[in-house]
Structure formats: structure tokens, C-alpha cells
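# Chain and residue survey
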Amino acid sequence: EMSSPEALVPARRLPEDARLVRIHPPDPVLSRFCYTAIGGPWYWMDRLPWTLDEWRRCLETPGFESWFLTVGGLPAGYFELRPVEGEVE
């Protein structure tokens, strides 16, 4: 979670074969896969018991964005952007 602009750390240069794509519309199956595969080593656990419908409701939040990174065609990362409550126009 990044709660202020000051928390931004400049990124390193990505490899030439890196691809960052917005998943639109967000896909609950892909999001669940990324959450477990990428978040596992970081002990992401709060969404593990979610049903597919719960994933779908989360992804349908106004202003929600889902992004997926591949390097050399292999999954390398993912992130979600969600507006702060009350700031969606």
C-alpha cells in the first residue's frame, strides 16, 4: 500500500522483453491466480477464502484497475489500483 507520494521509490529499468498491461475488464480468475502465486511468498492471506463472486465484486469497484507484468512471456508481477474511498468522481 502506498499512502503518500513520498512513499514512491523510483523503479529500475525493466528488461526489453517486459510487458506491463492493464487487464480490462479485470478478470477475477487471473486476479486470484496472481494473488496466490505472487502474494504467497509475502503471506497475502486476507483474500484466500474469497469465492469467485467476492473477487468479482472487488474488481467491479468504480475506479479499480488491475495490471499484469510479464518478462520473457512469464508472469513477473501484478498490482491493483483502487481509489481512496470517497475520491471517485
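For the structure given in this document, a descriptive report is provided here. All values derive from a computational prediction rather than experimental measurement.

Regarding its fold elements, the protein chain presents two helices and three strands. Oriented by its inertia axes, the alpha-carbon framework of the protein chain measures out at about 35 × 30 × 25 Å. Sorting the 89 residues of the protein chain into buried and exposed places 22% on the buried side. Intrachain contacts of the protein chain at a sequence separation of at least 6 include 55% that bridge at least 24 residues.

What follows is about the packing of aromatic side chains. Tallied over the full model, the rule gives five aromatic pairs. Seen in terms of ring centroids, Trp67 and Phe79 are 6.1 Å apart; in terms of plane orientation they differ by 5°. Their pairing is stacked. Of this pair, Trp67 sits in strand β2 (residues 65-71) while Phe79 sits in strand β3 (residues 74-81), and the two are 12 residues apart along the sequence. Exposure remark for Phe79: the relative accessible area of 34% places this residue in the partly exposed category. Here the aromatic residues Tyr35, Trp44, Trp50, Trp55 and Tyr78 are joined through ring pairs into a cluster of three or more.

How each quantity is defined
- Residues numbered from 1 in each chain as written.
- Predicted model: local features only at pLDDT ≥ 70, side-chain atom pairs only at ≥ 80, totals over all residues.
- Heavy atoms only, no water.
- Helix = DSSP H or I, 4+ residues; strand = E, 2+ residues; numbered from the N terminus.
- Buried < 20%, exposed > 50% of the residue type's maximum accessible area, 1.4 Å probe, protein only.
- Contact = heavy atoms within 4.5 Å.
- Phe/Tyr/Trp six-rings, centres within 6.5 Å; stacked < 30°, edge-to-face > 60°.

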